[in-house]
Amino acid sequence: MISVQPSGACMGAEVSGVDLSGPLSAETFGAIREALHRHHVIVLRGQSPSLEAERFIDFAGRFGRPEPHVLDQFHHPTHSDILILSNVKKNGKPIGLADGGTYWHSDYSYLDVPARATVLYSIQVPEVGGDTLFADQEQAYADLPEKMKQRLEGLVTLNLYGNRDDLDPESRTIAFPLTEDQKQKRSISVIRHPLVRRHPYTGRKALYAVSGTSFAIEGMSDDEGLALLRELADHSTQPKYQYRVSYGVGDVVAWDNASVLHSATLTDPKFARTLWRVTTKEAQRPAM
Ligand code: SIN
């Protein structure tokens, strides 16, 4: 029997009674999706430590169409829908993307059709750290003063692949640089998104991608737009909006990119950390 245990923080829940190594009925998946929409981040602890790639992709793909990450050098060797997040090196060569997403962001907000759910499967857990942080953008929007809500109505952000607040190539919190080929493929154009958007399934309003890829607001000077985005990011990532996930081996976590910002935390390189990640897309580009 599936059961959903809210975290006690402003969002997040643990879902138990689900075994992802076998088939999932429509009813069970419906309950999981309902939990995601209600709690924004769900954690399915202690799945098989040797979950097959196909099973993991099948599960993630129930939320939306998986889209391989632009950083194709870190794809799973036989399943390109899986991005390997890892600080482990084999023969001096990284087996995955280290320090990926160590700043507040929403996945694929540099694409026209952004991410719906992102799903992680934890394979190697560091002795210390390795957590992921989430910030509730629905509650943060709901708590804004009415005057600010009116100011934000109809505003459109401009987005580019990267971390707008860190462009230092020596830093661990820069977004991993793209090759010329990867830039050509899909990620160099400026993408417009609504700053406040309605959730594609629940219709609830949330701040959208106010940190990470957004670098300006249409119709505002660069300074004014960025100042407003930073003010909103400071507001919406306050500890009272946060939920922290600490991993065990075999844990599966899914989050709803329309409702949360998230940030990986920096792991001490002496502790191995490896996860698989599948990112699924929304069905269409957000209404403007
Ligand atoms: C990400 O997908 O942004 C990375 C999350 C993590 O590694 O904790």
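For the structure, check the block above.
The notes below deal with the structure included here.

**Notes on the packing of aromatic side chains**
Working definition: an aromatic ring pair is given by the centre-to-centre distance plus the angle between the planes. For the structure on display, the rule yields 11 aromatic pairs. On the basis of an interplanar angle of 65 degrees and a centroid distance of 4.9 Å, the ring pair of Phe29 and Phe63 is categorised as edge-to-face. With Phe29 in helix α1 (residues 26–39) and Phe63 in the loop between α2 (53–61) and β4 (65–66), this residue pair connects regions lying 34 residues apart in the sequence. Here Tyr110 and Tyr161 contribute two aromatic rings whose centre-to-centre distance is 5.1 Å and whose plane-to-plane angle is 80 degrees, an arrangement assigned as edge-to-face. Taken together, the residues span a long stretch of sequence, with Tyr110 in the loop between β7 (93–94) and β8 (115–124) and Tyr161 in the loop between β10 (156–159) and α5 (180–187) at a distance of 51 residues. Take Tyr110 and Tyr161: they sit in the same class, and that class is buried.

**A closer look at the sheet that holds strand β9 (residues 132–136)**
Ordered in space as β15-β9-β17, the 3 strands form an open sheet in which the pairing is antiparallel. Strands with a single pairing partner mark the edges of an open sheet, and in this sheet they are β15 (242–245) and β17 (260–264). For this sheet the average axis-to-axis angle between neighbouring strands, irrespective of direction, equals 20 degrees. Two strands pair when backbone bridges link them, and β9 and β15 are joined in this way by 4 bridges, in the antiparallel orientation. In the sheet register, Ala135 faces β15, and the bridge partner there is Gln242.

**Observations regarding the sheet that holds strand β11 (residues 191–194)**
Across the sheet, 3 strands lie side by side as β11-β10-β14; this open sheet has antiparallel pairing. The open sheet has two free edges, formed respectively by β11 and β14 (214–217), since each of these has just one partner strand. In this sheet, adjacent strand axes meet at a mean angle of 35 degrees when their direction is disregarded. Against the sheet, helix α6 (residues 222–236) makes contact with β10 and β14, and its axis sits at roughly 125 degrees relative to β14, the strand it touches most.

**So, the site of the ligand**
Around the ligand, the surrounding shell consists of Leu85, Gly100, Gly101, His105, Thr132, Trp255, His262, Ala264, Arg273 and Arg277. Between an oxygen atom of the ligand and a side-chain N or O atom of His105, the distance comes to 3.2 Å. A distance of 2.6 Å separates an oxygen atom of the ligand from a polar atom in the side chain of Thr132.

**What about the pattern of salt bridges?**
This structure, assessed with the given rule, holds 19 salt bridges. With a shortest N-O distance of 3.3 Å, Glu34 and Arg38 are connected by a salt bridge. With Glu34 and Arg38 both in helix α1 and 4 residues apart, the pair spans about one turn of that helix. Here Glu34 falls in the partly exposed class, since its relative accessible area comes to 42%. The class for Arg38 is exposed, based on a relative accessible area of 56%.

The rules behind these values
Residues numbered from 1 in each chain as written. Predicted model: local features only at pLDDT ≥ 70, side-chain atom pairs only at ≥ 80, totals over all residues. Heavy atoms only, no water. Phe/Tyr/Trp six-rings, centres within 6.5 Å; stacked < 30°, edge-to-face > 60°. Helix = DSSP H or I, 4+ residues; strand = E, 2+ residues; numbered from the N terminus. Buried < 20%, exposed > 50% of the residue type's maximum accessible area, 1.4 Å probe, protein only. Pairing = 2+ DSSP bridges. Axes fitted to C-alpha atoms, helices over the stretch in contact; angles between N-to-C directions. Contact = heavy atoms within 4.5 Å. Near = heavy atom within 4 Å. Polar contact = N/O pair within 3.5 Å; in protein donor to acceptor, adjacent residues only side chain to side chain. Salt bridge = Lys/Arg side-chain N within 4 Å of Asp/Glu carboxyl O.

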